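So you can see what is in the structure, the chains are spelled out below.
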Amino acid sequence: MIFNHEIVIVGAGLAGLRAAVEAVETVDVAVVSKVLPTRSHSGAAQGGITAALGNEEEDQWEWHLFDTIKGGDYLGDQDAIEIMVRDAPRAIYELEHMGVPFSRTRDGRIAQRNFGGHTREYGKAPVKRACHAADHTGRVVLDTLYDQTLRHYVKFYAEHYLLSLVFDEGRCIGVVTYNLASGNVDFLRAKAVLLATGGCGKIYKTTSNGFATTGEALSLVYRAGIPLEDMEFIQFHPTGLFPLGILVSEAARGEGGILLNNAGEPFMERYAPKIKDLAARDVVSRAILTEVREGRGIGGKGYVHLDLTRLGEQKIIEKLWEITSFARIYLGIDAVSQPIPVAPTCHYAMGGIPTDGDGRVIADNTGKAVPGLYAAGECACVSVHGANRLGCNSLLDLLVFGRRSGKAMKEEVPAVEVSVVNFDPVEAAKSRLAALMAKEGKEQSHLLRQEMQATMMNHGSVFRTEETLKQGIDTILALRKRFSRVAVANQGRSFNYQLMETIELGHQLDLCEVILVSALHRRESRGAHFREEYQTPDGEAKRNDDEYAYVAAWEYTGEGKPHILHKEQLKFEEVEMKERSYK
Ligand SMILES: Cc1cc2nc3c(=O)[nH]c(=O)nc-3n(C[C@H](O)[C@H](O)[C@H](O)COP(=O)(O)OP(=O)(O)OC[C@H]3O[C@@H](n4cnc5c(N)ncnc54)[C@H](O)[C@@H]3O)c2cc1C
């Protein structure tokens, strides 16, 4: 079937829904999501959204700007960061007016809490900047925006899977989807398409990311010849519940929780004496794993303790109820009286589909946009997070750039004419699916996926070396060969998750390769990308600004062929590049 819409948005997380609410004011909007919309990963966000409101203590957007640039190890786009932090207070009050039930201060203002890397007076001391609704901020914001989309009659294609992007003479004219319930393949035709498909954390074995966070849209864009940028920067959150990887939000440390090693020592004092447990995430993740490597993990094992007992029962119940319930449910640990075992867990992709500040996808480093194609949210890279994202800056990114994308699309589409397409994107997709279903082979996708996830953990996580990265690339290429022999045993039409996961795996192998290739190329340590060869004698990251002060974007040229590197030089108009230290 063919369905016509003015705008099609793929992804019902906060980025997609915020864009939909903006655009539906004047044009017809459809949202596609492979999961039920409110099951999108944004709903799992716990900690909050940053904005320099200054409700609890003095704050300024200039400090927020500085912290974001420094947190990203000076790789972020400073103009885009300025747009984001200046727009933050408006974005928060807008949510408040839509009905988001934020936590409150005693005098009724929106409550704010500390989060890693957010400081006052350019790094002097931590500042309370994260607006929150207890520890289920993402849930209430997602539900509120979903209500708004229903109120404005946004059309939802729930449990529809994006199979391909459709281009006609270089313009994106829609998407082909697979209806998970019926097995039907449809062409959703549009004057503009927004990708808001979230992150790709599921390529790692230990991750805080949800089931649907698989990243295939990035690979579709990549295979369409659009380079992906900043892919080497994958954030590991310091406190995943050990050994499951489920997130224990930084809000736990923001509220006063402390990390302890096996001697009961609050070891972050050694690594970041000024802001201690609230240093940037890459710094805390490396500190935890250094403690573990040097034999100071709990019982000599691969984790440390997060101690919340010092907060008291009342505060835990009021502010950290959901977070501590995970420890209770999955490990039988009561955070009121016992420390929680934690270790780093894959959390966020700083890189992705390159866009400008209005969500337009950028085709190359001349800045040319791909007509009709937009991206926002974690799948996109406006480049506001640089080499490492600060806590609570993602939800802000989704709201600010989701809205701006919605606005840009609704302004663009009235002038776009719908041309006659002389090819059938549905038949092409159907025959690709049929070929995949008919394949005979001995390989099984779920086993290959496990090997891929383990490979990424061992070869492309917190610590990297030339050798581990090269081995990782070889293993991924070998998995790619084996993937050509994967058979889909389930031949059913309805909710054939095996088929969907096999398609996903093909795309994920692309992402693994580009992440590892990019990480191998960057011979320095910057933000979340830590190459062991490039560190100071006391274990601090050693940047090489002379050779690597650029954003690397990689272009796909065909399976098994070398990727082409595009370099985008950095500008330092707001904050000059300095050494990044939390000491
Ligand atoms: C546990 C956890 C806690 C977090 N806490 C915070 C926090 O407190 N503050 C903060 O700023 N950030 C936080 N983050 C990060 C932040 O939540 C995410 O970066 C953000 O929610 C991503 O939103 P999104 O709109 O880009 O995509 P998502 O919310 O991930 O939604 C992706 C959407 O795309 C759809 N989709 C994907 N692929 C396809 C496909 N092939 N076909 C059809 N649909 C598809 C999915 O169905 C879904 O609707 C947290 C992340 C996690 C995992």
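Being a predicted model, the structure only gives us computed values, none of them experimental. (Residues numbered from 1 in each chain as written. Predicted model: local features only at pLDDT ≥ 70, side-chain atom pairs only at ≥ 80, totals over all residues. Heavy atoms only, no water.)

Draft legend 1. The site of the ligand, seen in detail. Surveying the vicinity of the ligand reveals 37 residues, the closest of which are Ser40, His41, Ser42, Glu216 and Glu378. Leu14 places a polar main-chain atom, nitrogen or oxygen, 3.2 Å from an oxygen atom of the ligand. Here an oxygen atom of the ligand sits 2.8 Å away from a polar atom, N or O, in the side chain of Ser33. Contact with the protein chains covers 97% of the free accessible surface of the ligand, which is 1000 Å². Considering each element in turn, the shell around the ligand owes the most residues, 4 residues, to helix 11 (residues 393-412). Across the shell around the ligand, the residue classes tally to 15 nonpolar, 18 polar and 4 charged. (Near = heavy atom within 4 Å. Polar contact = N/O pair within 3.5 Å; in protein donor to acceptor, adjacent residues only side chain to side chain. Areas by Shrake-Rupley, 256 points an atom, 1.4 Å probe, with all protein chains shown as cover. Helix = DSSP H or I, 4+ residues; strand = E, 2+ residues; numbered from the N terminus. Nonpolar A, V, L, I, M, F, W, Y, C, P; charged D, E, K, R; others polar.)

Draft legend 2. Focus on helix 5 (residues 216-223). Among the 8 residues of helix 5, 7 are classified as buried, and the element is accordingly described as predominantly covered. Lining the buried residues of helix 5 we find strand 8 (160-168), strand 11 (192-195), strand 12 (228-229), strand 17 (353-354), helix 15 (497-521) and strand 23 (550-555). Positive backbone phi, approximately 95°, marks Gly225, located one or two places after helix 5. (Buried < 20%, exposed > 50% of the residue type's maximum accessible area, 1.4 Å probe, protein only. Contact = heavy atoms within 4.5 Å.)

Draft legend 3. Quick peek at the packing of aromatic side chains. Overall, the coordinates contain 12 aromatic pairs when judged by the stated rule. Seen in terms of ring centroids, Phe463 and Phe530 are 5.6 Å apart; in terms of plane orientation they differ by 80°. Their pairing is edge-to-face. Of this pair, Phe463 sits in strand 21 (residues 463-464) while Phe530 sits in strand 22 (residues 530-531), placing them 67 residues apart in sequence. Aromatic rings pair up to connect Trp63, Phe66 and Tyr122 into one cluster. (Phe/Tyr/Trp six-rings, centres within 6.5 Å; stacked < 30°, edge-to-face > 60°.)

Draft legend 4. Representation of the side chain of Gln78 within the structure. Tracing the backbone through its elements, the reader meets Gln78 in helix 3 (residues 78-98). On the basis of relative accessible area, Gln78 is assigned to the buried category, the value being 3%.

Draft legend 5. Region of the structure containing helix 4 (residues 137-151). Taking 1.5 Å as the rise per residue, helix 4 with 15 residues should run 21 Å; its terminal C-alpha atoms sit 21 Å apart, in good agreement. For helix 4, the set of buried residues is Thr137, Gly138, Val140, Val141, Leu142, Thr144, Leu145, Gln148 and Thr149. Contacts from the buried residues of helix 4 go to helix 1 (14-23), strand 4 (49-50), helix 3, strand 6 (125-131), strand 7 (155-158) and helix 11. At the C-terminal side of helix 4, Tyr153 shows a positive phi close to 60°. (Expected span 1.5 Å × (residues − 1).)

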